[in-house]
Each structure stands twice: as structure tokens, then as C-alpha cells.
Amino acid sequence: IAVSPGGLGVLAFFVISGFLITWLLLDEQERHGGVSLRLFYVRRTLRIFPAFYVYWVLVVALSAIRHRVVWPQAIASLFYVNNYYQGLFGDPNTGLSHSWSLGVEEQFYLLWAPAFIWLQKTRRETVAKVLAVSIVTLWLYRLGLVWAGVHQGYIYEAFDTRADQLLLGCLLAFVLRIGAVQSLWNWLCSSIGYSVLIFAVLLFSVFLENHFGSIYRDTVGFTLDALAVALLIPLFICFRSNVAWGWLNWQPIRYLGRISYSLYLYQQITPDIVRKVVSHAAGVFFVVMNSIVVIIAASFSYHFIERPFLRLKDRFIRKPERSESKPPVSAAL
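Below: a short report on this structure. Please read these numbers as outputs of a predicted model, since none were measured by experiment.

### Points about the overall build of the protein
So, step 1. Counting secondary structure elements, the protein contains 15 helices and zero strands.
So, step 2. Taking 2.2 N^0.38 as the reference for a compact globule, 333 residues should give roughly 20 Å; the C-alpha atoms of the protein span a radius of gyration of 20 Å, in line with that estimate.
So, step 3. Per-residue burial for the protein yields a buried fraction of 46% across its 333 residues.
So, step 4. Put simply, of all contacts in the protein between residues at least 6 apart along the chain, 75% involve residues at least 24 apart.
So, step 5. Counting every atom, the protein has about 17,000 Å² of accessible surface; 69% of that belongs to carbon and sulfur.
So, step 6. Here the protein carries 28 positive and 18 negative side-chain charges, and the mean point of each set is 7 Å from the other.

Below, the structure written as C-alpha cells:
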């Protein structure tokens, strides 16, 4: 597995996912006095499955034409367990290789929603402490695997070695919701310089990962990077109108955010397509051409596959019984 900033994107995705899912669960709990597990799984199914299974069929069909289907991996991807297949048997480097991270996500959804419902009658401060202890425990567990010589491919892709990043996002949602460590948030939001500093630490950690490899990443990088991302989420919200981070609200960036799931899916296969069509493409020209192709493919997937199911998903959102206005995340700061 190549060590690259792309790995940082996956890690950030895990933290943000844990945060958003937990924030929505907390919101539903407050509005309705509880969480519907059935509706949660219906919404997640409509959000994730259609675009992925269309992509899966496309990749398997194209691979079958070239007689290059790695069936064990394809079947593992079909059932969202490719993270354990590749963690145990290696990555065959196909158009489905990146589906390991979807496996981590789906396993998180499968476990966290019932756990949240089970814990919903517990004081939120207590749940936050349980999450904090769990995160530290998982970090120590990962250190133990590194010490025991477990292959870094397993550590990189297994749910049990990446769950702390998702749980850190969950913890962030609880911390913001209960107004914990308010003085810390007030201090961090007092100057945009702190957000720039945290971002610089994150970039320096990426540099260290590229220099020292998996030994740094698996022991320190995963934890430090996830903590930095978690701190940056509320800071980006605080300074969303500032020139330093305001570009995140530009319309082109917002559009890329909307199609990000399909971008994630198709970025795995577009480089090979571009190389075949423009065989001599290299450097900046290749990056530009590949970016154009993947955005076109992702836009098609979003508008013709994702959006119809997203509209259907809206039917399974529980409506408040009375008119309410929910403060934005930044209000929790």
C-alpha cells in the first residue's frame, strides 16, 4: 500500500463520517425522543448501495471482458468486507481495491447505530467518557499489533484498527452537543492562526509519514492526524467566512462536495482510461485530463444514480412534530 496524502483523505473521511452520523443521530434523538434503527439503515442503504453497486457491476463487467476478475475480492467487495480480504490476503490492485474503506464505513454503521440506541438513556457526558476510553484502548491495541509484527496491510485496512478514527468523530459530536471544554473551543476560535497551525501540524505529520513509512503512520500518524482533523472541523465552521477558509464555500468546491462519493468511486479507474486514450500524457497535463474525466464520470453517477435515490431517502427522514429551528453546529461552540 503506497503511503501518500490520499491516505489522509480516507482518514479525514472516517472522522467526518463519525461526526456527521452521530450529530444526525443526536438530532433525531432530541427531536423525537429516540432513534429509529430501521429508518437509519434504510437511509444509509439508499445513500451508499445504488451508486456503489452500479460501479461494482461496471468494474466487474470490464474486468471480465479482459479476463481479469479477482473473484474473491469482487465477492468481498459486494458484501462490504473487502477491508478484511485485502488486510489478510493482500491488495490485488484492481478497480475495487479502494472499496476496503467502504467496508470500514458499513461495519461502523452496522455497529454504531445499535450501540447509540443502547446508550441513548445514558448521560451524554458518560457516553463521551466511554468513547474517549474506547479510542485510547483501540490506539493501544493498534500499538500492540505493530509490536507483534502484524502486517501493515491489515493495520491499514481492518475495521478494528481504524475504528478509533470514526469514534473520534463520534466523540467530537458529543463534546460539541453537550458544550464540553467550552474554554478550549473559545480559545481556538479566538484566532484563525490556531486553525492554520493545526493544519500545518497535519501537513507535517503527512511529511513524517512519507519519510518514516508505516511505522510512524500506524503508531503515531493515525492518532495525531485524526485528532487534528477533529479539531479542524469546528474551526472550519467558525472561520467559514474568513478569507483563509472561505474558499471551502465556493460553489465549485461545494459541487465537488456533493459529488464526492461518486468521485471517490470512479477515481480508482479513470487514470487507466486516461493513459489509454492519451498515451503520452504526463505531469500536469495528465492530472488535468484525469481530473476532467473523473469529474464527468462522477457527475453522471451523481445526477442519474445518486440523486433519484437521495430524493427517495428524504421520505425516510422523520419530520418534527412541531416547527423547530435547530442551531448550526457552530452554535455549539
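### Quick word on the environment of Leu167
So, step 1. Here Leu167 lies in helix 8 (residues 159-178).
So, step 2. Classification of Leu167 by relative accessible area gives buried; the value is 15%.
So, step 3. With sequence-adjacent residues up to four places away left out, Leu167 is seen in contact with Leu131, Ser134, Ile135 and Leu138.

### What about the nonpolar core?
A general tendency of soluble globular proteins is for nonpolar side chains to be buried together.
So, step 1. One finds Phe108, Trp112, Leu131, Phe174 and Leu265 to be the most contacted residues of the largest nonpolar core, which totals 81 residues.
So, step 2. The leading source of residues in this core is helix 8, at twelve residues.
So, step 3. Excluding residues that lie within four positions of it along the chain, Leu131 makes contacts with Trp112, Leu167, Cys170, Leu171 and Phe174.

### Structural notes on the packing of aromatic side chains
So, step 1. Within the structure shown, the criterion is met by 24 aromatic pairs.
So, step 2. When the centroid spacing of 6.0 Å and the interplanar angle of 70° are considered together, the rings of Tyr53 and Tyr80 count as edge-to-face. Here the residue Tyr53 occupies a position in helix 2 (residues 37-65), and Tyr80 occupies one in the loop between helix 3 (71-78) and helix 4 (82-89), the gap between them amounting to 27 residues.
So, step 3. Residue classification places Tyr53 among the partly exposed residues on the basis of a relative accessible area of 25%.
So, step 4. Residues Phe199 and Trp245 carry aromatic rings whose centres are separated by 5.4 Å and whose planes lie at 70° to one another, so their mutual orientation is edge-to-face. In this pair, Phe199 sits in helix 10 (residues 192-212) while Trp245 sits in the loop between helix 11 (214-238) and helix 12 (251-258), placing the two residues 46 residues apart along the sequence.
So, step 5. Over the ring of Tyr109 we find Arg44, and its NZ or CZ is 5.3 Å from the ring centre.

### Quick look at helix 10
So, step 1. The end-to-end C-alpha distance of helix 10 is 31 Å, a good match for the 30 Å that 21 residues give at a rise of 1.5 Å each.
So, step 2. Inspection of helix 10 places Ser195, Ile198, Leu202, Ser205, Val206, Leu208 and Glu209 among the buried residues, and these make up the whole buried set. Down the axis of helix 10, the buried set is contained in an arc of 165°. They therefore lie on one face. Exposed residues on helix 10 whose side chains face more than 90 degrees from its buried face are Leu197 and His211.
So, step 3. Put simply, Ser191 is the residue that caps the front of helix 10, since its side-chain oxygen is 3.1 Å from the backbone nitrogen of Gly193.
So, step 4. Note on helix 10: the residue one or two positions beyond its end, Gly213, has a positive phi of about 80°.

### Points about a nonpolar patch on the surface
So, step 1. Residues Trp71, Ile75, Phe79 and Val81 make up a contiguous nonpolar surface patch of roughly 420 Å² in combined accessible area.
So, step 2. For Val81, the position within the fold is in the loop between helix 3 and helix 4.

### Brief notes about helix 5 (residues 100-119)
One turn of an α-helix holds 3.6 residues; hence residues three or four places apart share an orientation.
So, step 1. Here helix 5 spans 28 Å end to end across 20 residues, near enough to the 28 Å set by a 1.5 Å rise per residue.
So, step 2. Most of helix 5 sits inside the fold, with 14 of its 20 residues counted as buried.

Cut-offs used in this document
- Residues numbered from 1 in each chain as written.
- Predicted model: local features only at pLDDT ≥ 70, side-chain atom pairs only at ≥ 80, totals over all residues.
- Heavy atoms only, no water.
- Helix = DSSP H or I, 4+ residues; strand = E, 2+ residues; numbered from the N terminus.
- Rg over C-alpha atoms; globule rule 2.2 N^0.38 Å.
- Buried < 20%, exposed > 50% of the residue type's maximum accessible area, 1.4 Å probe, protein only.
- Contact = heavy atoms within 4.5 Å.
- Areas by Shrake-Rupley, 256 points an atom, 1.4 Å probe, with all protein chains shown as cover.
- Lys, Arg positive; Asp, Glu negative; His and termini not counted.
- Charge placed at Lys NZ, Arg CZ, Asp CG, Glu CD.
- Core = buried A, V, L, I, M, F, W, Y, C linked by side-chain atoms within 4.5 Å.
- Phe/Tyr/Trp six-rings, centres within 6.5 Å; stacked < 30°, edge-to-face > 60°.
- Lys NZ or Arg CZ within 6 Å of the ring centre and 35° of its normal.
- Expected span 1.5 Å × (residues − 1).
- Arc of directions from axis to C-beta.
- Polar contact = N/O pair within 3.5 Å; in protein donor to acceptor, adjacent residues only side chain to side chain.
- Patch = residues over 30% accessible without salt bridge, like charges linked within 9 Å, V, L, I, M, F, W, Y side chains within 5 Å.
- Salt bridge = Lys/Arg side-chain N within 4 Å of Asp/Glu carboxyl O.

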